[in-house]
Amino acid sequence: MYDIRLMEESDLEQVVEIEKSIFSDSWSRQSFLDSLNQDMCVYLVVENQEEIVAYCGLYVVQDEGQITNVAVKENYRNAHVATDMLNELIKYAIDKGACNFTLEVRASNNAAIHIYEKLGFEKVGTRKKFYEKPVEDAIIMLLYK
């Protein structure tokens, strides 16, 4: 069983390790720390026996939650970790005043797109060549709560 909780500075070593293992253009420790220190940000981790296995985060600006990070260690995928974590993230953001949510996802990331669609997100557009390393379009997805 795992716990979903707010990210703390002491989690950043493990978070950055996951980030580097998954993303070709990864965030630095300082980027995460800067986000943690902003009132408009919400970052969660999923912890299993002191091991961080997933994390996610968003910025809340007025009534919009912009999801910026979603990552799950490979051996914890397909176990509803991302779905549970994102549901908690959305609850936290609603408490901060968000009622709609946006995110970008690589056009080729069918597994993530499937999860987002299960949560109620809809595809609303494309950002051409949004991602680098490799260059790829992003699908813009939107959820109204």
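Because the structure is a prediction, the values reported are computed rather than measured. (Residues numbered from 1 in each chain as written. Predicted model: local features only at pLDDT ≥ 70, side-chain atom pairs only at ≥ 80, totals over all residues. Heavy atoms only, no water.)

**Things to note about the sheet that holds strand 5 (residues 100–106)**
Move 1: Spatial ordering of the open sheet is given by 1-2-3-4-5-7-6, a layout of seven strands whose pairing is mixed. Looking along the sheet, the strands with just one partner apiece sit at the ends: strand 1 (3–6) and strand 6 (122–131). Looking at each pair of strands side by side, their axes are set apart by 25° on average, direction ignored.
Move 2: When strand 1 meets strand 2 (residues 41–48), the two strands line up antiparallel, connected through four bridges. Paired with isoleucine 4 across the bridge in strand 2 is valine 46.
Move 3: Against the sheet, helix 1 (residues 12–22) engages strand 2, strand 3 (51–61) and strand 4 (64–72), with an angle of about 90° to strand 3.
Move 4: Packing of helix 3 (residues 81–95) onto the sheet brings it into contact with strand 1, strand 2, strand 3, strand 4, strand 5 and strand 7 (136–144), and relative to strand 3 it is tilted by some 35°. (Pairing = 2+ DSSP bridges. Helix = DSSP H or I, 4+ residues; strand = E, 2+ residues; numbered from the N terminus. Axes fitted to C-alpha atoms, helices over the stretch in contact; angles between N-to-C directions. Contact = heavy atoms within 4.5 Å.)

**Notes on the packing of helix 1 against helix 2 (residues 29–36)**
Move 1: Two elements in contact, helix 1 and helix 2, have axes separated by 9 Å at closest approach and are oriented at 125°. Classified by the interaxial angle, the pair formed by helix 1 and helix 2 is oblique. The chirality of how helix 1 crosses helix 2 is right-handed. Within the contact between the two elements, helix 1 uses Leu12, Val15, Val16 and Glu19 and helix 2 uses Arg29, Phe32, Leu33 and Leu36.
Move 2: Looking at the contact of helix 1 with helix 2 residue by residue, the class counts come to six nonpolar, no polar and two charged. (Parallel < 35°, antiparallel > 145°, perpendicular 65-115°, else oblique. Left-handed = near helix turned anticlockwise from the far one by under 90°. Nonpolar A, V, L, I, M, F, W, Y, C, P; charged D, E, K, R; others polar.)

**Some words on the packing of aromatic side chains**
For any pair of aromatic rings, the description rests on two quantities: the centre-to-centre distance and the angle between the ring planes.
Move 1: Throughout the structure, instances matching the rule amount to six aromatic pairs.
Move 2: Considering the side-chain rings of tryptophan 27 and phenylalanine 32, the 5.1 Å spacing of their centres and the 50° angle between planes classify their relative orientation as tilted.
Move 3: A residue is classified by how much of its surface remains accessible, and phenylalanine 32, at 1% relative accessible area, is buried.
Move 4: Centroid distance phenylalanine 32 to tyrosine 55: 5.6 Å. Interplanar angle 90°. Geometry classified as edge-to-face. A residue pair is termed long-range when its members are at least 10 positions apart, and phenylalanine 32 in helix 2 and tyrosine 55 in strand 3 qualify at 23 residues.
Move 5: Chaining the aromatic ring pairs together yields one cluster made of Trp27, Phe32, Tyr43 and Tyr55. (Phe/Tyr/Trp six-rings, centres within 6.5 Å; stacked < 30°, edge-to-face > 60°. Buried < 20%, exposed > 50% of the residue type's maximum accessible area, 1.4 Å probe, protein only.)

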